[in-house]
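Listed here are the chains, written in short residue letters.
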Amino acid sequence: MVLGLPDGIRACLFDLDGVITDTATVHAAAWEETFDALLRRYEEGNGSHSFVRGADYAGIVDGRPRADTVRSFLSKRGIELPEGTPDGPADLDTVHGVGRWKSDLFDARLRAEGAEVCDDTMDYLTAARGRGLLTAVATSSVHCREILRAAGAETLFDAWIDGVVAARRHLRGKPHPDIFLAAARDLGQHPSECTVFEDALAGMDAARSGRFGWVVGVDRARQADALYAHGADRVVMDLTTLIGVTGSGLPA
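Criteria and thresholds
Residues numbered from 1 in each chain as written. Predicted model: local features only at pLDDT ≥ 70, side-chain atom pairs only at ≥ 80, totals over all residues. Heavy atoms only, no water. Helix = DSSP H or I, 4+ residues; strand = E, 2+ residues; numbered from the N terminus. Buried < 20%, exposed > 50% of the residue type's maximum accessible area, 1.4 Å probe, protein only. Contact = heavy atoms within 4.5 Å. Areas by Shrake-Rupley, 256 points an atom, 1.4 Å probe, with all protein chains shown as cover. Core = buried A, V, L, I, M, F, W, Y, C linked by side-chain atoms within 4.5 Å. Salt bridge = Lys/Arg side-chain N within 4 Å of Asp/Glu carboxyl O. Phe/Tyr/Trp six-rings, centres within 6.5 Å; stacked < 30°, edge-to-face > 60°. Lys NZ or Arg CZ within 6 Å of the ring centre and 35° of its normal. Axes fitted to C-alpha atoms, helices over the stretch in contact; angles between N-to-C directions. Parallel < 35°, antiparallel > 145°, perpendicular 65-115°, else oblique. Left-handed = near helix turned anticlockwise from the far one by under 90°. Nonpolar A, V, L, I, M, F, W, Y, C, P; charged D, E, K, R; others polar. Patch = residues over 30% accessible without salt bridge, like charges linked within 9 Å, V, L, I, M, F, W, Y side chains within 5 Å. Lys, Arg positive; Asp, Glu negative; His and termini not counted. Charge placed at Lys NZ, Arg CZ, Asp CG, Glu CD.

Caption draft 1: The arrangement of the overall build of the protein chain in detail. Assigned secondary structure in the protein chain consists of ten helices and six strands. Within the protein chain, the proportion of its 252 residues that are buried is 54%. In the protein chain, once contacts between residues fewer than 6 apart in sequence are set aside, the share between residues at least 24 apart is 61%. Here the protein chain has roughly 11100 Å² of accessible surface; of this, 49% comes from carbon and sulfur atoms.

Caption draft 2: Spatial organisation of the nonpolar core. Residues Leu5, Phe14, Ile20, Tyr124, Phe157, Phe197 and Leu239 are the most contacted members of the largest nonpolar core, which totals 35 residues. Listed by contribution, the elements that provide at least two residues to this core are β1 (11–14), α1 (24–42), α4 (95–113), α5 (119–130), α6 (144–151) and β5 (214–218). When residues of this core are assigned to their parent elements, the largest contribution, five residues, is made by α5. In terms of nonpolar packing, the next biggest core, distinct from the first, is built from 26 residues, Ala11, Ile161, Ile179 and Phe212 among them.

Caption draft 3: Highlighting unusual backbone geometry. The linkage connecting Lys174 with the following residue, Pro175, adopts the cis geometry, with an omega of 20°. Even without being a glycine, His170 presents a positive backbone phi close to 60°. Phi is positive for Arg222, close to 55°, though the residue is something other than glycine. In this fold, Arg222 is placed in the loop between β5 and α10 (224–229). Since its relative accessible area comes to 68%, Arg222 is described here as exposed.

Caption draft 4: Region of the structure containing helix α9 (residues 201–209). Among all positions of α9, only Leu201, Ala202, Gly203, Met204, Ala206 and Ala207 are buried. Each element contacted by the buried residues of α9 is listed here: α8 (178–186), β4 (194–198), β5 and α10. The first or second residue beyond α9 is Arg211, which carries a positive phi of 60°.

Caption draft 5: Up close: the pattern of salt bridges. In the structure shown here, the tally under the stated rule is 14 salt bridges. In this structure, Lys174 and Glu198 form a salt bridge, with 2.6 Å as the shortest nitrogen-oxygen distance. Highlighted residues: Lys174 in the loop between α7 (163–169) and α8 and Glu198 in strand β4, separated in sequence by 24 residues. For the residue pair Lys174 and Glu198, the accessibility class agrees, reading buried in each case. Ionic contacts of the salt-bridge type, sharing partners, join the residues Asp15, Lys174 and Glu198 into one network.

Caption draft 6: Representation of the packing of aromatic side chains. The final tally for this structure, using the stated rule, is seven aromatic pairs. Ring geometry for Phe157 against Trp160: centres 5.9 Å apart, planes inclined by 65°, an arrangement best described as edge-to-face. Exposure class is identical for Phe157 and Trp160. Each is buried. Members of the aromatic cluster, joined through ring pairs, are Phe14, Tyr124 and Phe197. Its guanidinium or amino end placed over the ring of Trp160, Arg145 lies 4.2 Å from that ring's centre, counting from NZ or CZ.

Caption draft 7: Up close: the packing of α1 against α4. It is at 9 Å that the axes of α1 and α4 come closest, and there the two elements cross at 140°. On the basis of the axis angle, α1 is oblique to α4. Pair α1 / α4 crosses with right-handed handedness. Along the contact surface, α1 presents Val26, His27, Ala29, Ala30, Trp31, Glu33, Thr34, Phe35 and Leu38, while α4 presents Val98, Trp101, Lys102, Leu105, Phe106, Arg109, Leu110 and Glu113. Residues belonging to the contact of α1 with α4 are distributed by class as follows: eleven nonpolar, two polar and four charged.

Caption draft 8: Representation of a negative patch on the surface. Taken together, the side chains of Asp22, Glu116, Asp119, Asp123 and Asp238 make up a negatively charged region of the molecular surface. Of note, Asp123 is situated in helix α5.

Below you can see the structure in the form of C-alpha cells.
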C-alpha cells in the first residue's frame, strides 16, 4: 500500500468542492442567499423555515446537481414550482430559474473572493502523478474549469467530468455513480482500479454504488462517522497524512 492506497489502484478520482478547492463555503453562502429569498417570497417573510447552512447544506445540497438540490429543498419546504428550462432566465419562479439565480450569485462571489485550493490535495495530486497514477476530477459543478484555471491547477488532471460534460452526456448526478464511472472510462480504467476522494455524503453513496476499488472520505466537516457509514474505506482530515504510507503505516 503506497500513498495509502491498496495495490492495484491505477487512478484517482477527485471531487471538486471541499476536496480540491475550498469553495464549499462560497456555494453554501450562495445557496443560503437564494433559498432565503425564495422562502421570503413564498412564506411571506416567515423566517422560521429559513435555510440552515449546516443541516440543509450537508443533507440536500452538498455534491448534488443544482436542479436536484432545488427540487429537494422545495419538497422539504412544501413548495411546488414548475420545472422551467435549463436555458431559461434566472428567477424564483421555476426550478431551473432558481438554480440559475444561485449560479449567478456564486459567479459574483467567486469573482469577488476567488478560489482557494486545498494545499493537502495539491500535495497529494503531485505525489500521485509522480507515482504514475492517473488523475481525474469528477464533479457536478459547471464552474469546474473556471475554478481550477483560476487556482492554477488545471494541468493536474488527465480527465474532466464536470456539470457541463454531465449535461452533454446525460449523466445523472450524485448520489448516482455516473460521473465517477464516466471519469474511470475516460481514463481507460475499471472502477475496481480507481480510488474516489470525496467529502460529501452523496458522493460517498455514489462511490459505493459504483463499486470502486477504494474510497477515501476527506473529512472537512468533521463527520467521520457519517462518511464511514456511507461507504468510506478510509477517512482523513488531511490527505498529506497518506503520502508515503505503506500497508504497515511506515514511510515508503
